[in-house]
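A structural walkthrough
Single-letter residue listing:
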Amino acid sequence: MSNNDNTNGEWKPRILGLVCNWCSYAGADLAGTARIQYPSDIRVVRMMCTGRVDPLFIVKAFMDGADGVIVSGCHFGDCHYLEGNYKAAKRMFYMKRVLRSLGFDDRRVRMTFVSASEGAKWAEVVTDMIKTINELGPSPISTRATIGEAINAGSGSDDLAEIAKISAGKKVEVAPLQKM
């Protein structure tokens, strides 16, 4: 994946949003229909539930050029699938721990809870994430080899084993982020 330059040669962050169909996607849709302004540096993938977000999706997003990832779902107690958001929150806790153990700034990954009626909150979440990523700069993972080297070096091997357990050996097949 090439760098994140726009036509002026200026770097722009690339954010991937993995959002719940029932709440956060509807909240993002409300923000759009209400014409609430927020940065366009995010690409949203609608999922039926954040409980289906595999930690490997996040790793794959960074390997494919994302500078940040937002996982956004229903508020606790409001999950369409009852406990999906609790499962996602637990996975995000482990994922952030693994990222820190690899020397990766875990502020690049954020879990939020936005309901279908919170279009303004969605805009705030995205705006704040863009601000954070602009402060951090481009992702340090520029190639697949970079993360592979960190894993092979033994950094956080216990944490990686935990992530492997959570993801149950699923193969990651995700379309790459498109250049903005």
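Cut-off values and rules
Residues numbered from 1 in each chain as written. Predicted model: local features only at pLDDT ≥ 70, side-chain atom pairs only at ≥ 80, totals over all residues. Heavy atoms only, no water. Salt bridge = Lys/Arg side-chain N within 4 Å of Asp/Glu carboxyl O. Buried < 20%, exposed > 50% of the residue type's maximum accessible area, 1.4 Å probe, protein only. Pairing = 2+ DSSP bridges. Helix = DSSP H or I, 4+ residues; strand = E, 2+ residues; numbered from the N terminus. Axes fitted to C-alpha atoms, helices over the stretch in contact; angles between N-to-C directions. Contact = heavy atoms within 4.5 Å. Phe/Tyr/Trp six-rings, centres within 6.5 Å; stacked < 30°, edge-to-face > 60°. Arc of directions from axis to C-beta. Core = buried A, V, L, I, M, F, W, Y, C linked by side-chain atoms within 4.5 Å. Right-handed = clockwise from strand over helix to strand, strands pointing away.

**Notes on the pattern of salt bridges**
One pass over the full model with this rule turns up six salt bridges. A salt bridge links Lys60 to Asp64, with the nearest nitrogen and oxygen atoms 3.3 Å apart. Accessibility assignment for this pair places Lys60 and Asp64 in one class, buried. Between Arg100 and Asp106 there is a salt bridge; the shortest N-O distance is 2.4 Å. A relative accessible area of 15% means that Asp106 is categorised as buried.

**Quick look at the sheet that holds strand β2 (residues 42-47)**
Read across the open sheet, the four strands follow the order β2-β1-β3-β4; overall the sheet is parallel. Lying at the two open borders of the sheet, with one neighbouring strand each, are β2 and β4 (109-113). On average, each strand axis in the sheet is tilted by 20 degrees relative to the strand beside it, whichever way the strands run. As defined by bridge partners, strand β3 (residues 68-73) adjoins β4 across five bridges and the pair is classed as parallel. Its bridge partner being in β4, Val71 is matched across the sheet by Met111. Contacts between helix α3 (residues 84-101) and the sheet are confined to β3 and β4, with β4 contributing the most and set at about 160 degrees to the helix.

**Examining the packing of aromatic side chains**
Considering all chains together, one arrives at four aromatic pairs under this definition. Relative to Phe113, the ring of Phe76 has its centre 4.7 Å away and its plane inclined at 45 degrees; by these criteria the two rings are tilted. Note that Phe76 is positioned in the loop between β3 and α3 and Phe113 in strand β4, a separation of 37 residues in sequence. By relative accessible area, which is 41% here, Phe76 ends up partly exposed. With a centroid separation of 5.7 Å and 65 degrees between ring planes, the pair formed by Phe93 and Tyr94 is classed as edge-to-face. By relative accessible area, which is 17% here, Tyr94 ends up buried. Within the aromatic cluster, the residues linked to one another by ring pairs are Phe76, Tyr86 and Phe113.

**Topic: helix α1 (residues 24-33)**
Looking at α1, one finds that the buried residues are Ser24, Gly27, Ala28 and Ala31. For α1, the buried positions fall inside an angular range of 100 degrees around the axis, keeping them on one side. For α1, the elements touching its buried residues are β1 (15-20), β3 and α4 (119-136).

**Points about the nonpolar core**
The biggest cluster of nonpolar side chains holds 21 residues, and the ones touching the most others in it are Leu18, Ile58, Phe62, Val69 and Val71. Secondary-structure elements contributing two or more residues to this core are β1, α2 (55-63), β3, α3 and β4. Excluding residues within four positions of it along the chain, Phe62 makes contact with Asp67, Gly68, Val69, Phe104, Arg108, Val109, Ser139 and Ile141. One finds Ile15, Ala28, Val114 and Ile130 within the second-largest nonpolar core, a separate group that totals 13 residues.

**A look at the pairing of β4**
Among the five residues in β4, five count as buried, and that is most of the element. Tracing the backbone out of β3, into α3 and back to the parallel element β4 gives a crossover that is right-handed.

**Considerations on the pairing of β1**
The element β1 is largely enclosed, with a buried count of six among its six residues. Side chains Ile15, Gly17 and Val19 project from β1 onto one buried face, and the interleaved Leu16, Leu18 and Cys20 project onto a second face that is buried too. With six bridges connecting them, β1 and β2 associate as parallel partners. Across the sheet, the residue bridging to Cys20 is Met47, located in β2.

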